[in-house]
Amino acid sequence: MENFIKLILAFVLGLLFVLLAMPKVIPFLHKMKFGQVEREEGLESHKKKGGTPTMGGVVFVIATVIGAFVANYSSLLDPHLILITIVLVGYSLIGFIDDALIVLKHHNEGLKAWQKFLLQAILAVICYYFLMNYIPEFTTVIKIPLIKAEIDLGWLYAVLVFIMFTGESNGVNLSDGLDGLATGLSMVAIAPYVIFAIMIKNYAVASYATAMIGALLGFMYFNYHPARIFMGDVGSLGLGGFLAILAILTKQELLLIIVGGVFLMETLSVIIQVVSFKTRGKRVFKMAPIHHHFEMLGWSEQQVTISFWFIGFICGIVAIVLGVL
């Protein structure tokens, strides 16, 4: 019972912090002119979003950290808490720098791709070092869902960590293009890892996840269409790193592919579009990422968002079933 109270407390604290802080943060960001800069080649319907406050992810990241540590006040030096915080804050910081550069330059270009990639790689290395030296139960063995097989990757696990962090953080980042889309998808993607963490009796990890779900639920109130604030890269990159570390600590690494199925779909749509255009001079989609393709087919923003949430929900259910079997 005590452990489940911890989960609920983390959730409530994350939710309340965002709901109480955001009404003060939005006017502040307006005053500081920290507004969204829309791409010139973007959809015409999105141009009106220019100037909407961004970097709202700072609030739910802080709310999550506070909720997790208050709920785990008796074990603040738990290495799982520390590692998740390093990852969440670290990837959020990369996004913060990216957002800040965009705002300061008034142009939709922050960190260069190689700079962002390098910083993400450095954080992945730090994470792997921490796993090897400070997480007692850590192993380089990964589980193959459904067939219940296991493979010891050895040093190749470091490569997997790198792929998971860079892939997931960029996947969430690409999905953050419609009001509430990345927020809702992240909530349904994090939920299975609450269950997986409870299954291995790691309530520190589970409570960190519920704190984030609570914080995102509070953020959704301000982020759903028409959005009064966007999460920015500070939020999307942080969420991607957060999902990856949850998968690693619950030893459900491969299920991240299914849990983040929509994020993978968004990423692949961009890759396919770029490769097709550079090799054939033709576009496969009307616009990438793929959520914009459906908008250009005539779907409303809300229709695309809710449809993608539903797909994400199904992915989460499938992942839970595979993880429990």
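Reading the values: rules and limits
- Residues numbered from 1 in each chain as written.
- Predicted model: local features only at pLDDT ≥ 70, side-chain atom pairs only at ≥ 80, totals over all residues.
- Heavy atoms only, no water.
- Phe/Tyr/Trp six-rings, centres within 6.5 Å; stacked < 30°, edge-to-face > 60°.
- Helix = DSSP H or I, 4+ residues; strand = E, 2+ residues; numbered from the N terminus.
- Buried < 20%, exposed > 50% of the residue type's maximum accessible area, 1.4 Å probe, protein only.
- Axes fitted to C-alpha atoms, helices over the stretch in contact; angles between N-to-C directions.
- Parallel < 35°, antiparallel > 145°, perpendicular 65-115°, else oblique.
- Left-handed = near helix turned anticlockwise from the far one by under 90°.
- Contact = heavy atoms within 4.5 Å.
- Nonpolar A, V, L, I, M, F, W, Y, C, P; charged D, E, K, R; others polar.
- Salt bridge = Lys/Arg side-chain N within 4 Å of Asp/Glu carboxyl O.

(A) Structural context of the packing of aromatic side chains. Following the criterion strictly, the structure yields 14 aromatic pairs and no others. Centroid distance F69 to Y208: 6.4 Å. Interplanar angle 80°. Geometry classified as edge-to-face. With F69 in helix α2 (residues 57-71) and Y208 in helix α7 (residues 203-223), the pair connects residues that are 139 residues apart, well separated along the chain. Given the relative accessible area of 0%, Y208 is considered buried. Pairwise contacts between aromatic rings join F69, Y208 and F242 into one cluster.

(B) View of unusual backbone geometry. Each neighbour pair has its own omega, and for H225 with P226 the value is -5°, a cis peptide bond. Mapped onto the elements, P226 comes out in the loop between α7 and α8 (232-249). P289 follows A288 through a cis peptide bond whose omega is 0°. Within the secondary structure layout, P289 lies in the loop between α10 (261-280) and α11 (290-296). In this structure, K251 takes a positive phi of about 55° despite not being glycine. Among the secondary structure elements, K251 is positioned in the loop between α8 and α9 (256-259).

(C) Main features of the packing of helix α4 (residues 113-134) against α8. At a minimum axis separation of 13 Å, α4 and α8 run at an interaxial angle of 30°. Put simply, α4 runs roughly parallel to α8. α8 is crossed by α4, and the crossing has right-handed handedness. Together, K116, Q120, C127 and L131 of α4 and D233, L237, I245, I248 and L249 of α8 make up the contact between the two elements. Tallied by class, the residues present in the contact of α4 with α8 amount to 6 nonpolar, 1 polar and 2 charged.

(D) Fine view of the pattern of salt bridges. Evaluated as defined, the whole model comprises 3 salt bridges. For D98, the salt bridge goes to K116, with nearest N and O atoms at 3.1 Å. Here the residue D98 occupies a position in helix α3 (residues 79-105), and K116 occupies one in helix α4, the gap between them amounting to 18 residues. The two residues D98 and K116 agree in class, both being buried. Across the pair K116 and D233 runs a salt bridge, and its minimum N-O distance is 3.7 Å. Note that K116 is positioned in helix α4 and D233 in helix α8, a separation of 117 residues in sequence. Judged by its relative accessible area of 13%, D233 is buried. Salt bridges here are not isolated pairs; linked through shared partners, they connect D98, K116 and D233.

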